[in-house]
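So the chains spell out like this:
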Amino acid sequence: MKKMTLLAVGLLTAVMAWAQPERPKLVVGLVVDQMRWDYLYYYYNEYGTGGLRRLLDEGFSFENTHIDYAPTYTAIGHASVYTGSVPALHGIAGNYFYQDDRDVYCCTDPKVRSVGSDSREGQMSPHRMLATTIGDELQTATDFRSKVIGVALKDRASILPAGHAADAAYWWDTSAGHFVSSTYYMKELPQWVQNFNRTNHTEPKFNIKTSNLGVTMTFRMAEAALENERLGQGGETDMLTVSISSTDAIGHEFSTRGKENHDVYMQLDKDLTHFLQTLDEKVGKGNYLLFMTADHGAAHNYNYMKANHIPAGAWNYKKTVAGLNAHLKGRFGISPVMGEDNYQFYLNDSVIAAAGLKKQDVVDTSVEFLKQDPQFLYVFDEEKIATTTMPEWLKTRMVNGYFRGRSGEIGVITRPQFFGAKDSPDYRGTSHGQPYPYDTHIPWVMMGWHVGHGTSNAETRITDIAPTVCAMLKVQMPSGAVGKVCLPAAAR
Ligand SMILES: [Zn+2]
């Protein structure tokens, strides 16, 4: 009888083992901050064959991938890639937004503390993100036996991709000059991170984000995590999320053209080559599934465009806020606009209530006033986007980008190539945040496990990435996912 039971258990175990869905050993998500889709080709001839070109030569490129919401900012982009969702559902309404009349940063969490430093740069967690990520779903599918780790210089670019159930997220504390984490994940840094920080650090307060070293440091940390956490070498599929922040910091300062932008992409290509080689060695070619994308693109510098007769310019948002407050003061006796962010104006509810005013009256008056400004193509009450006359695709992007209580009450859409920036003939930088192609058209290339070689120009979206990866892994798509599954060519 006992023998029979053992035999039965043995058979059952064998059947269960056989019934396990086939999955890669490791999933690698790589986000290059501010990487416009056309950088794949603008620098194509200068890339080596082992980095970005290897992704294109071996992998599958979804060439027509757009962000289907606005505003197009870093925290939102990272959350949307990994949740397959939009701000309207995942709640990350900007890098900064107002909540209960207070300006908040997306990842700040007063309930946690820094691990690895004493500064406030580690007081971060994903608590404001309301949807699950690819990593969260992978964890749930394996009863939390998978390992999920996030690495980036920017906290938001490490924390939001790694998700709620991550084993760890590491980001750079500039005041300390090394990688840290928070008590959301752990009590102290693992020994290998402490060792890494001893040999890889900068002078405190050195701005590594605006240096090419920032790219190298990020990949070095990702490779250290891969090796020390033995990612892709356990019984279940693991996940490593990596985000490159220096491309964005350098873009903001020096724009989409010129030596600085060129050099950071050459560095990215070189370091990516090494990273892919490391993955081949540690996990094995074909054993990992990698996707590369961006959180948003960037506009070309407006002075550069103007010099070439292309309509472009700066929107001085501070001036608009001052003008709007002055107008409302004259009409209602109060200045209720707290500020502008994310191409939205935020109203102070308590100031409006204290004056005994109806908020709708203030909103309507603001919209009418702003509509007189020819800088704006559209001005709208965010609660009434659906009934505002504007092209359907713009409307969709605005609805997807609006989260009541975290987004501003009034939205504006500036002319193409007119973005919120310093208004000066000396301005050399760039920005992003608008609903236009230069901000919304991003790369999405997959390579490795079950990925065929090819390209597609079918319309795809940032929100398709997570459902596609989850479908390939045979795990449930994230809780707020709105995208569709787009299998890369020979994917099975
Ligand atoms: Zn960004």
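Parameters at a glance
- Residues numbered from 1 in each chain as written.
- Predicted model: local features only at pLDDT ≥ 70, side-chain atom pairs only at ≥ 80, totals over all residues.
- Heavy atoms only, no water.
- Salt bridge = Lys/Arg side-chain N within 4 Å of Asp/Glu carboxyl O.
- Helix = DSSP H or I, 4+ residues; strand = E, 2+ residues; numbered from the N terminus.
- Buried < 20%, exposed > 50% of the residue type's maximum accessible area, 1.4 Å probe, protein only.
- Pairing = 2+ DSSP bridges.
- Axes fitted to C-alpha atoms, helices over the stretch in contact; angles between N-to-C directions.
- Contact = heavy atoms within 4.5 Å.
- Parallel < 35°, antiparallel > 145°, perpendicular 65-115°, else oblique.
- Left-handed = near helix turned anticlockwise from the far one by under 90°.
- Nonpolar A, V, L, I, M, F, W, Y, C, P; charged D, E, K, R; others polar.

Caption draft 1: Seen up close, the pattern of salt bridges. This structure, assessed with the given rule, holds 17 salt bridges. A salt bridge links Glu 236 to Arg 145; its shortest N-O distance comes to 2.9 Å. Residue Glu 236 is located in the loop between helix H9 (213-228) and strand E10 (238-244), and its partner Arg 145 is located in the loop between helix H6 (134-141) and strand E7 (148-152); the two are separated by 91 residues in the primary sequence. Overall, Arg 145 belongs to the exposed group, its relative accessible area being 52%. Close ionic contact of Glu 459 with Arg 461 constitutes a salt bridge, the shortest N to O distance being 3.7 Å.

Caption draft 2: Geometry of the sheet that holds strand E3 (residues 65-66). In spatial order, the strands read E18-E3-E21; together these three strands make up an open sheet with mixed pairing. Strand pairing shows two members of the sheet lacking a second neighbour, strand E18 (441-442) and strand E21 (460-461), which therefore form its edges. As paired strands, E3 and E18 are joined by two bridges and run antiparallel to one another. Within E18, the residue paired with His 66 across the bridge is His 441.

Caption draft 3: Structural detail: the sheet that holds strand E16 (residues 410-414). On the basis of which strands lie adjacent, the open sheet formed by four strands has the order E13-E14-E16-E15 and antiparallel pairing. Among the strands making up the open sheet, the edge pair consists of strand E13 (337-341) and strand E15 (376-381). The sheet shows a mean angle of 20 degrees between the axes of neighbouring strands, direction not considered. In this sheet, E16 lies alongside E15 in antiparallel orientation, the contact comprising five bridges. From the neighbouring strand, Asp 381 faces E16, where its bridge partner is Ile 410. Against the sheet, helix H13 (residues 317-332) engages E13, strand E14 (344-347) and E15, with an angle of about 155 degrees to E13.

Caption draft 4: Region of the structure containing the packing of H13 against helix H15 (residues 359-371). In the contact formed by H13 and H15, the axes pass within 10 Å of each other and the chain directions differ by 125 degrees. One element, H13, and the other, H15, form an angle in the oblique class. As H13 packs across H15, the resulting crossing turns out to be right-handed. Between H13 and H15, the contacting residues are Thr 320, Gly 323, Leu 324, His 327, Leu 328, Arg 331 and Phe 332 on the first element and Asp 361, Val 362, Thr 365, Ser 366, Phe 369 and Leu 370 on the second. Taken together, the residues of the contact of H13 with H15 sort by class into six nonpolar, five polar and two charged.

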